[in-house]
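# Observations on the model geometry
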Amino acid sequence: MTPPQSKNFHTANPEAESAIDRSIPEFEAAKISDEDEYFQNHKPPSYLPEIEKEVQEFIEYHRKNTQKRIALVTSGGTTVPLENNTVRFIDNFSAGTRGATSAEYFLENGYAVIFLHREFSLLPYSRHYSHSTNCFLDFMTEKNDKIEINPKFADEMLKVLRKYNDAKESNSLILIPFTTVNQYLYTLKTVSECLHVMSSKALFYLAAAVSDFFIPQSRMPTHKIQSSATKDGELVIRLAQVPKFLSRLVENWAQGAMIISFKLETDNNILIKKATSALDRYHHQLVIGNLLQTRKKEVVFVKPNGDNDWIKLNEDEIKGNVEIESKMIPAVIKVHDEWIQSNSS
Ligand code: PMT
């Protein structure tokens, strides 16, 4: 049995040989129509053909053998390198909890899952034991000079282990990593194009927190920025806007698929408005809105027909450690059922 994680490439290592290339034209801050220009002006990661092959084989396997629906779950935050030989980068808070947890519930509900995640962020199943607040050593105990699972946790661990083995044995989960925003965008495009054959049976669940600003390759310094090079002790960084790729996704790469984007805000008063304007702008099927402060307890499904359906955990559920994704994913699947239905007639 091979582990689902591909070990062939590591996205956290910068491609040092692709140092600054002055032949790349200056890339202006993006407008909605600038997506194509981005790909003309930025090099793809060198390992992309390997990913494409793995993903194509995964999709073909399920088309031929299982007829499962396939969910592409994006998860975790993208980095924005400040140097080509990257010492420093801009990052964001996302740990990948939403994506990793949701992936488990998709698998439980019979989906195959392509898990496009920030390398070293939380993964389905291992997330229960890998986070720094959930150290795996706390689940062990010593008995007669031997190490054992602490009986207090054994039943729960067995359940997780069985689900993990199920996902592996049924070849239902493939893990695809990214680190930088450039790697994320290229990989999203490639995977989406591979998923085209699935048409309405493909579901895009875009929970990753993608950087809105970045340094274009044309003006990225090759080496570590020297503190002596700053003016008056200040470092000024000029960032360009990352194009919003949702419109390309909806119109070209993933035509026919059901697309769900997320909207994260910190101000309750603008959440629904921002989610609704994303639907107006990109014409996709669902925006799931969440607030940074309450994202583990409540989310809102904002739909093109104007419905705003809240999903909330009640006090008992919070005390019982119920995961909100256990309520979200069945509700998402209901919307996906309707989408497949409306596309088959
Ligand atoms: O990982 P956790 O700690 O559990 O946190 C989960 C989460 C809060 C990050 C997650 O639930 C969430 O809300 N993710 C989306 C964050 C967000 O608001 O991103 P955005 O407003 O930058 O983008 C909105 C949508 O457009 C997203 O679905 C994003 O994938 C997509 N996008 C963003 C940028 C870009 N250049 N192109 C895009 O398509």
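Residues numbered from 1 in each chain as written. Predicted model: local features only at pLDDT ≥ 70, side-chain atom pairs only at ≥ 80, totals over all residues. Heavy atoms only, no water.

The protein chain is annotated in an unreviewed UniProt entry as DNA/pantothenate metabolism flavoprotein C-terminal domain-containing protein of Candida maltosa. Quoted verbatim from the Sequence similarities (unreviewed entry) heading of the UniProt record, the comment on the protein chain is "Belongs to the PPC synthetase family." (UniProt positions renumbered as here; feature names shortened; annotations may be inferred.)

Glancing now at the overall build of the protein chain. Regarding its fold elements, the protein chain presents 10 helices and 14 strands. When the 345 residues of the protein chain are sorted by exposure, 46% land in the buried category. A sequence separation of at least 24 residues applies to 75% of the contacts in the protein chain between residues at least 6 apart. When the accessible surface of the protein chain is summed, it comes to about 18,000 Å², and 50% of that surface belongs to carbon and sulfur atoms. (Helix = DSSP H or I, 4+ residues; strand = E, 2+ residues; numbered from the N terminus. Buried < 20%, exposed > 50% of the residue type's maximum accessible area, 1.4 Å probe, protein only. Contact = heavy atoms within 4.5 Å. Areas by Shrake-Rupley, 256 points an atom, 1.4 Å probe, with all protein chains shown as cover.)

Around the ligand lies a shell of 24 residues, among which S94, R98, P243, K263 and N290 are the nearest. Take T97: an N or O atom from its main chain is 3.4 Å from an oxygen atom of the ligand. Contact between the ligand and R295: an oxygen atom at 3.2 Å from a side-chain N or O atom of the residue. When isolated, the ligand has an accessible area of 780 Å², and the protein chains bury 95% of it. At the level of secondary structure, the elements contributing two or more residues to the shell around the ligand comprise helix 3 (97-108) and strand 11 (258-265). Across the shell around the ligand, the residue classes break down as 14 nonpolar, five polar and five charged. (Near = heavy atom within 4 Å. Polar contact = N/O pair within 3.5 Å; in protein donor to acceptor, adjacent residues only side chain to side chain. Nonpolar A, V, L, I, M, F, W, Y, C, P; charged D, E, K, R; others polar.)

Turning our attention to the packing of helix 3 against helix 10 (residues 325-344). It is the contact of helix 3 with helix 10, at a shortest axis distance of 9 Å, that shows an interaxial angle of 60 degrees. Between helix 3 and helix 10, the interaxial angle falls into the category oblique. Crossing of helix 3 against helix 10: the hand is right-handed. Along its contact with helix 3, which presents R98, T101, S102, Y105 and F106, the element helix 10 presents E325, S326, M328, I329, V332 and I333. Among the residues making up the contact of helix 3 with helix 10, the classes are represented as six nonpolar, three polar and two charged. (Axes fitted to C-alpha atoms, helices over the stretch in contact; angles between N-to-C directions. Parallel < 35°, antiparallel > 145°, perpendicular 65-115°, else oblique. Left-handed = near helix turned anticlockwise from the far one by under 90°.)

Turning our attention to the sheet that holds strand 12 (residues 286-291). What the eight strands build is an open sheet, ordered 7-4-1-8-11-12-13-14; its pairing is mixed. The open sheet has two edge strands with one neighbour each: strand 7 (173-178) and strand 14 (308-312). The sheet shows a mean angle of 20 degrees between the axes of neighbouring strands, taken without regard to direction. Across six bridges, the pairing between strand 1 (residues 70-75) and strand 4 (residues 112-118) is parallel. (Pairing = 2+ DSSP bridges.)

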